[in-house]
Amino acid sequence: MKQATIALVEFGGSHDECMLTQMEALQSVNAAIILVTNEQLYARNPHWHKLVRTVYFIEPTGKALKDVGLMRKLVRFLKEEGVSKVVFNTAQGGHVRNLSFLLPTSIQAYGIIHTIRKFQGSFTQKVIHRKIKRYVVLSDDLLKHVTVPKGISVGSFYPVSFPNFEQKAEKSAGERWITITGGVENRRKDLDAVIGFIQATDPEIRFVFLGKTDPNHSDARTFIEAIETNELTDRVRYFTDFVDHATFDAYLQQTDFLLPLIHPNTPSANEYINHQISGAFTIAFGYKIPLLIHEAYRSEHDLTISAAFYQPSEFGEGLKTAFSLHEHIRQQIEQEEKWTKPFQYRNYLRFLEVVAEG
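Per chain, the residues get numbers from 1 upward, laid out in the order the sequence is written. Only residues with pLDDT of 70 or above have their local features reported here, since the model is predicted, and side-chain atom pairs are shown and tallied only from 80 upward, although totals for entire chains, interfaces and linings are computed over all residues. The side-chain quantities take in all heavy atoms of the structure and omit both hydrogens and water.

Caption draft 1: The arrangement of the packing of aromatic side chains in detail. Pairing of aromatic rings covers Phe, Tyr and Trp, the last through its six-membered ring, and needs centres within 6.5 Å; plane angles under 30 degrees mean stacked, over 60 mean edge-to-face, and all others mean tilted. Under the counting rule described, the total for this entry stands at 17 aromatic pairs. Taking 4.7 Å as the distance between ring centres and 40° as the angle between the ring planes, the aromatic pair formed by tyrosine 56 and phenylalanine 77 counts as tilted. A residue pair is termed long-range when its members are at least 10 positions apart, and tyrosine 56 in strand β3 (residues 54-57) and phenylalanine 77 in helix α3 (residues 64-80) qualify at 21 residues. With respect to class, tyrosine 56 is no different from phenylalanine 77; both count as buried. Consider the rings of phenylalanine 239 and tyrosine 251, whose centres lie 5.3 Å apart with planes at 85°: the pair is edge-to-face. Taken together, the residues phenylalanine 239 in strand β10 (residues 236-239) and tyrosine 251 in helix α9 (residues 245-253) connect sequence positions 12 residues apart. We note that phenylalanine 239, like tyrosine 251, is buried. Under the DSSP-based scheme used, a helix requires at least four consecutive residues in state H or I and a strand at least two consecutive residues in state E, with every element numbered from the N terminus. Relative accessibility under 20% of the residue-type maximum defines a buried residue, over 50% an exposed one, and the middle range a partly exposed one, all with a 1.4 Å probe and only protein chains included.

Caption draft 2: Representation of the nonpolar core in the model. Leu8, Leu74, Leu78, Phe88 and Leu292 are the most contacted members of the largest nonpolar core, which totals 125 residues. With sequence-adjacent residues up to four places away left out, leucine 74 is seen in contact with Phe11, Val36, Tyr56, Ile58 and Leu99. Among buried residues, those of type Ala, Val, Leu, Ile, Met, Phe, Trp, Tyr and Cys that are joined through side-chain atoms within 4.5 Å constitute a nonpolar core. Note on contacts: a residue pair qualifies if any of its non-hydrogen atoms lie within 4.5 Å across the two residues.

Caption draft 3: Just the sheet that holds β3, in detail. With parallel pairing, the seven strands of this open sheet are ordered in space as β3-β2-β1-β4-β5-β6-β7. Two strands bound the open sheet, and with one partner strand each, they are β3 and β7 (153-156). Recorded for the sheet is a direction-independent mean angle of 20° between the axes of neighbouring strands. Bridge count between strand β2 (residues 32-37) and β3: four bridges; the pairing is parallel. Looking at the pairing, valine 36 lines up with tyrosine 56 of β3. Packing of α3 onto the sheet brings it into contact with β1 (5-9), β2, β3 and β4 (85-88), and relative to β3 it is tilted by some 170°. Contacts from helix α14 (residues 341-351) reach β1, β4, β5 (108-112), β6 (132-137) and β7, with the element oriented near 160° to β6. For two strands to be treated as a pair, DSSP must find no fewer than two bridges joining them. Every axis in this analysis is a line fitted to C-alpha atoms, fitted for helices over the stretch in contact. Angles between the N-to-C directions lie between 0 and 180 degrees.

Caption draft 4: Structural context of unusual backbone geometry. Although it is not a glycine, histidine 15 sits at a positive phi angle of roughly 65°. By relative accessible area, histidine 15 is classed as partly exposed at 22%. With phi around 55°, glutamate 353 is a residue other than glycine that occupies positive phi space. With respect to the helices and strands, the residue glutamate 353 is situated in the segment after α14. Residue glutamate 353 is classed as partly exposed on the basis of its relative accessible area, which comes to 41%.

Caption draft 5: Fine view of empty space enclosed by the protein. Cavities and pockets were defined on a 1 Å grid built from protein atoms only: a cavity is a group of points that admits a 1.4 Å probe but offers it no way out, a pocket is an open group of points flanked by protein on both sides within 12 Å along at least five of seven lines, and a lining residue is one with an atom within 4 Å of any such point. Grid points are joined across faces, edges and corners, and a volume is the space filled by probe spheres set on the points. Applying the stated rule across the entire model yields two cavities of 30 Å³ or more. Of the volumes computed, that of the largest cavity is approximately 70 Å³. If you trace the largest cavity, you find it lined by Ser139, Asp141, Leu142, Ile273, Ile277, Phe281, Phe285, Glu300, Asp302 and Leu303. Within the residue set of the lining of the largest cavity, elements represented by two or more residues are α6 (140-144), α11 (279-287) and α12 (301-306). Residue classes in the lining of the largest cavity are distributed as six nonpolar, one polar and three charged. Three classes are used: nonpolar for Ala, Val, Leu, Ile, Met, Phe, Trp, Tyr, Cys and Pro, charged for Asp, Glu, Lys and Arg, and polar for all others, with Gly counted as polar.

Caption draft 6: View of the pairing of strand β13 (residues 307-310). Burial along β13 is two-sided: the residues Ala307 and Phe309 and Ala308 and Tyr310 are all buried. Relative to β13, strand β12 (residues 291-294) runs parallel, the two being bridged by four bridges. Within the sheet, the bridge partner assigned to leucine 291 lies in β13 and is alanine 307. Handedness rule for crossovers: strands pointing away from the viewer, path from the first strand over the helix to the second running clockwise, crossover right-handed. This β-α-β element, β12 to α12 to β13, shows right-handed connectivity.

Caption draft 7: Here's a closer look at the side chain of threonine 5. Within the secondary structure layout, threonine 5 lies in strand β1. Judged by its relative accessible area of 7%, threonine 5 falls in the buried class. Aside from chain neighbours lying at most four places away, what touches threonine 5 is Ala32, Ile34, Arg53, Glu81, Gly82, Val83, Ser84 and Lys85.

Caption draft 8: How the structure looks around α3. Its 17 residues place the ends of α3 25 Å apart at the C-alpha level, agreeing with the 24 Å of an ideal helix rising 1.5 Å per residue. For α3, the full list of buried residues reads Asp67, Met71, Leu74, Val75, Phe77 and Leu78. Projected down its long axis, α3 carries its buried residues within an arc of 160°, all on one side. Among the exposed residues of α3, those oriented more than 90 degrees off its buried face are Leu65, Lys66, Lys79 and Glu80. Residues of α3 that are buried make contact with β1, β2, β3, β4 and α4 (94-102). One or two steps after α3, the chain reaches glycine 82, where phi turns positive at roughly 75°. Expected helix span is taken as 1.5 Å per residue step, with the number of steps being one fewer than the number of residues. The arc in question is traced by the directions running from the helix axis to the C-beta atoms.

Take a look at the structure:
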């Protein structure tokens, strides 16, 4: 069987967490991987380096004519490398539209959609649909909410692979860690609830914000002042520098529950659950860490398997119940076939219409 050459494209600075599962799936069928991305994303993911045959750096400028020129040059490179399929890790926006439009018919295009709003009337996305006919979204629950455009195929894909390291995070005996992925900010999480949660829980409970926090940002400043005023500083850990993969992994290995802080009638609820999933969900499925989720989202099927539920006004009692169910939930996540690497490798290769050797 001839070796397939597949290009993985990520123009932006996020959604790193979706790449490793794709690379490992392609590696399992001996496909050659061409990575198209920016230098910053490549540098902060050194575990990708040994998995790709070639990396092509591209930094779009935002200037229309210049960027079209960059895309034409990239298309020439993809043709020279013998690429047969291009996968857009974030299949939306002007750069994806421009590149997909310039791809020859000999190169098929596929895409991952992170917010299903893109299927709800986006003009740019309709243009992209002319070239990309096969998409995946990041959960079965999201898939149920998609109105699939005519002539388009949409499936689901769970990126469950994460890099593991030898680094260990120090955790004192008796401590229990509730981890909030990302830094201290209100934009994507209901930060206002956290002070009450800390006060409602036992002293051995620690809350970890696992992402970079800007202490000069108003959200962070207000929160830090509140924990200092309430003498809760020793109950909270946050990072003021970029959290590298080894540190991220070390803290997750010690985490008891992941807390996405998605609550109804807050800015976080406007996007998450109905239109996209929290990155915490993907981490939970990959690391087999139970989630703590607001009672309002009990109807989401994936969460019935992977989460303990709480009412914010009764968080302390809810957490005690959650810990009594912790091992049961962890085993449910572990035993769910769709959250295993072999299942997702096969699922991804079917999506790409790549036939496994043998």
